[in-house]
Amino acid sequence: MPRGGGKRRGRNQPQVNPDEGVFDPEDTQKVRHTKIGIWDLYETIEPKLKLVPWTLRSKLETYHEMKGSFPFVLRMFREIGSIRGCWWLLGGYLIIAVVLAMIPAIELWYSGQLLKIVQDAVESRSVDSHLLFKVAASRLICSAVTRLLHYGQAQLYRPLNVRIRQHYAVQTFHARARLDVPTYADAVVQRHLDNSATSSRTSIAWNNVLKTIHLVSTGVELVSQFSVLITMLRNQRDGPLLAILSFGHTFFRKKTGQRNWSPTGVWAATTKNHEYLRLVGASRVVHAQEHRKELVAGGMADYLHAIYRAAANRLGSNATDFYEAYQTHTITDRLSLTAFLSDPLRELPQIVFTLRAVQYPSDIPLSLASLNLITQTTSKFSRTLFDLFEETGSIAENLASIRKVYETYTIPNVVVDGETPFPEDQQNIKLGVSVEFRNVTFRYPGSSQEVLRNVSFKILQGQLCVIVGANGSGKSTILKLIARLYDPTEGQIFINDQDIRTLKLADLRRATSVLFQDYTHFPLSIRDNIALGDPNNAHDDEKIREAARLGGATEFIERLDEGFDTYLDRPVDDIYSTLPQGTKTLFGRSVEYSSIRGAGNMSSHSKGLSGGQMQRIALSRTFMRDEGVGILCFDEPSASLDPTAEYDLFERLRLLRGNKTMIFSSHRFGNLTRYADLILYMDDAVILEEGTHNELIKQGGGYAKIWMLQAQAFLP
Ligand SMILES: Nc1ncnc2c1ncn2[C@@H]1O[C@H](COP(=O)(O)OP(=O)(O)OP(=O)(O)O)[C@@H](O)[C@H]1O
């Protein structure tokens, strides 16, 4: 059965990006199946002459891909040029690379000269010592210069790598930070971001610069080696013949010599062999700690042993994991015709030379020294040539990787920004905003379940609204739609009678303060955790302390050793190795022995705050923002609080809200619903009842029933 889009894609359609599309093992046009023992290997069929990008087969495809990437490459070089000092460093690096590329040819030349001197000495029984000294000294100078240049290159490498990496790390940080919730949750976007991420040690841009420099230097190496070879062959009668024979050997060796221990390119392997599945499964049961209790209590040891032994016997030499099977397979594969041809080819220049010497005993066409030199130079030249082919083969891919980095900067957000500034009247925002849902239906991206179904309600400016209902009824989703984390699938939302989609997102978010039920704490200091509630006032320490007080967090924060500077979850682990058992704390934090296994183990450490304390910090974050906020949303704000703290919180919120619109979601009835101007009682994606507490009690519906139930629970 065909799976995914592999077959849907037309065969003539150029596959511009190899990362896109679907790998379909059953697509025999694109995927080759090989049976290796009990394993099935599926490999994407690569164009045969992939090494040379200008072969007809992939010419157009590669050209288009490269053409599309060039503007990004130019942009990359311009950007790197704008980094302080990078042009100079890069220029120096390139010059060194080019000089280094010429040295092997120069060395070859001098080696040839040395051999010639030896040959002349053997023939004439005298040595031109002046020439010998000159050549030997030049050869030594070459070695010394090479070492110096390598040192210089290493000195330039580090600052270039760090500067370029830092530059791109800042850019990709922004590219990631600007994405909205549905876009960031998209698996394709995630993969795109991950592929373009700057690692902690290097960056795609720097790697590409290095590859470009390497390409240039390989070209220079090739030209210089070719010049030496031509000079050598010029006056040698059999030189070209021997050069071709040596070249042939390198070619064959290249074809047969390189074997990977795992397949290359896009591939997948699986096994359907039940014996092997049983073998591995039984082995896991015996090894894993988690099964030990049941294994012992159930007396399973003998039975498991029996099935393991039986499976092992039946599998015999096939009881191998994929990599072992693949290795065995490729070793057998080495006995191919090309492998047989490769070895004699190595000897061929020697044999031809001997035959020619026998043929013309008085006039040997080539000296032994020249033979040696020609074969040596040719094989070096052909190796460089193949390296160049290999590098050019991946040019398109490399250029595409630059393009992908820049494309992440412009990944469009699913939630499209509006244009209308909000609010029109800054003064009026103090009095709150009105919120209206009109026939709103909502499904989360990628889900077919309607979590809101035709929901309509209106909260007037300055009202206190409580949304109550069972778990999963859709309360939090309403708050997410008000913050415009998502857009409704159907229907409209109005804020102050304006369609929410038309409002500028930054303005809307500034006017809205939301405390989510599943709020998180950032791996930053407590101060930053609170400050982020209002990035515009994040530097105002007074404001942060006031927000902490309003959120009821001051008391316990001040009891912490580092107070507001405490990290809730240290983002950087301490690193230690084989500490003596008596070391209980290190750097003021407790040592986790369970994680120490050998040298260089890391330990993560998080401050043990209670759920309630964590929530107070989150609450404080919402109190950071006051000015400019017209609507405050709290999703289950009292979930982790004890009854006294819950009462305190509501009192504080009631006092502090001023005239702002407030929306609470809760499945606890009582404390807040009695003060509410509007209660929305929800069940299973719809609003069943709406009104004030008294109205709903009078109505005697679902709300009244649950309120009674909860009230009874507190009666003596
Ligand atoms: N990101 C998501 N993707 C897909 N489905 C989701 C997502 N978030 C929530 N849902 C589903 O949407 C439905 C409504 O969830 P919602 O969180 O709005 O309910 P709730 O009334 O706030 O529940 P609770 O009282 O447990 O917080 C649930 O069935 C939930 O499983």
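Look up a bit, the structure's there.
Residues numbered from 1 in each chain as written. Predicted model: local features only at pLDDT ≥ 70, side-chain atom pairs only at ≥ 80, totals over all residues.

Structural notes on the overall build of the protein
Stated precisely, the cut-off is as follows: Each helix is a run of DSSP H or I of at least 4 residues and each strand a run of E of at least 2, with the numbering of both proceeding from the N terminus. We call two residues in contact whenever the C-beta atoms placed from their backbones are within 7 Å.
Of the regular secondary structure elements, the protein holds 23 helices and 17 strands. Of the contacts made within the protein by residues no fewer than 6 positions apart, 75% connect residues no fewer than 24 positions apart.

Points about the site of the ligand
Filter applied, for reference: Near, as applied to residues and a molecule or strand, means the residue's backbone-placed C-beta atom lies within 6 Å of it. Each residue gets one of three labels, nonpolar for Ala, Val, Leu, Ile, Met, Phe, Trp, Tyr, Cys and Pro, charged for Asp, Glu, Lys and Arg, and polar for the others, Gly among them.
Around the ligand sit 14 residues, and of these Tyr-444, Asn-471, Lys-475, Ser-476 and Thr-477 come closest. With three residues, the top contributor of residues to the shell around the ligand is helix 15 (residues 475-482). A class-by-class count of the residues in the shell around the ligand yields two nonpolar, eleven polar and one charged.

Comments concerning the sheet that holds strand 3 (residues 267-271)
The strands making up a sheet associate through hydrogen bonds between their backbones, and the pairing can be parallel or antiparallel. Defined as follows: DSSP-based pairing: two strands are paired if at least 2 bridges between them are found. Only the stretch in contact is used when a helix axis is fitted, and all axes are lines through C-alpha atoms; the angle between N-to-C directions ranges over 0 to 180 degrees.
Strand order across the open sheet formed by three strands is 1-2-3, with antiparallel pairing between neighbours. Here the strands that pair on one side only, and so sit at the sheet edges, are strand 1 (31-36) and strand 3. When strand polarity is set aside, the average angle formed by the axes of neighbouring strands in this sheet is 20 degrees. Pairing between strand 1 and strand 2 (residues 39-44): six bridges, direction antiparallel. By the bridge assignment for strand 2, Arg-32 is matched with Glu-43.

Side note on the packing of helix 6 (residues 204-234) against helix 14 (residues 395-408)
Between two packed helices, both the angle of their axes relative to each other and the distance between the axes serve to describe the pair. Rules: Put simply, angles under 35 degrees are roughly parallel, angles over 145 are roughly antiparallel, angles from 65 to 115 are roughly perpendicular, and the rest are oblique. Left-handed describes a crossing whose near helix is turned anticlockwise from the far helix through less than a right angle; right-handed describes the clockwise counterpart.
Running from N to C, helix 6 and helix 14 point in directions that differ by 155 degrees, and their axes come no closer than 10 Å. In terms of their interaxial angle, helix 6 and helix 14 are classed as roughly antiparallel. The two elements helix 6 and helix 14 cross, and the hand of that crossing is left-handed. Of the residues in helix 14, those touching helix 6 at Ile-204, Ala-205, Asn-208 and Lys-211 are Asn-398, Ser-401, Ile-402 and Val-405. Of the residues in the contact of helix 6 with helix 14, the class split is four nonpolar, three polar and one charged.

Overview of the packing of helix 8 (residues 274-287) against helix 10 (residues 301-315)
Two numbers describe how helix 8 lies on helix 10: the axes approach to 9 Å, and their chain directions differ by 145 degrees. In this structure, the crossing between helix 8 and helix 10 has a hand that is left-handed. Residues Glu-275, Tyr-276, Arg-278, Leu-279, Ala-282, Ser-283, Val-285 and Val-286 of helix 8 touch helix 10, and the partners they reach there are Leu-304, Ile-307, Tyr-308, Ala-311, Ala-312, Arg-314 and Leu-315. Its residues assigned to classes, the contact of helix 8 with helix 10 comprises eleven nonpolar, one polar and three charged.

With respect to the environment of Tyr-360
Basically, it comes down to this: Around each residue's C-beta, the other C-beta atoms within 10 Å are counted; 20 or more make the residue buried, 12 or fewer make it exposed, and counts in between make it partly exposed. All C-beta atoms are placed from the backbone.
Along the chain, the position of Tyr-360 falls in the loop between helix 12 (337-359) and helix 13 (368-393). You can call Tyr-360 exposed: it has 11 C-beta atoms within 10 Å. Taking C-alpha positions, Tyr-360 is 98 Å from Val-440, a pair spaced 80 residues apart along the chain.

Thoughts on helix 18 (residues 541-550)
Our working rule: Taken from the helix axis, the directions to the C-beta atoms give the arc we talk about.
Residues of helix 18 that are buried include every one of Ile-544, Ala-547, Ala-548 and Leu-550, and no others. The buried residues of helix 18 all sit within an arc of 165 degrees when viewed along its axis, so they share a single face. In helix 18, those exposed residues whose orientation departs by more than 90 degrees from the buried face are Asp-541 and Glu-542. Phi turns positive, to about 70 degrees, at Gly-552, one or two residues after helix 18.

Let's talk about the environment of Thr-420
Inspection of the secondary structure assignment puts Thr-420 in the loop between helix 14 and strand 4 (435-443). Taking the C-alpha atoms as reference points, Thr-420 and Arg-559, 139 residues apart in sequence, are found 46 Å from one another.

Some points on the sheet that holds strand 4
Reading across from one edge, 5-4-7-8 is the order of the four strands in this open sheet, with antiparallel pairing throughout. Looking along the sheet, the strands with just one partner apiece sit at the ends: strand 5 (450-459) and strand 8 (498-499). Sheet topology note: the strand 4/strand 5 ladder contains six bridges and is antiparallel. Within strand 5, the position partnered with Glu-436 by the bridge is Lys-458. Packing against the sheet, helix 15 makes contact with strand 4, strand 5 and strand 7 (490-495), and its axis sits at approximately 115 degrees to strand 4.

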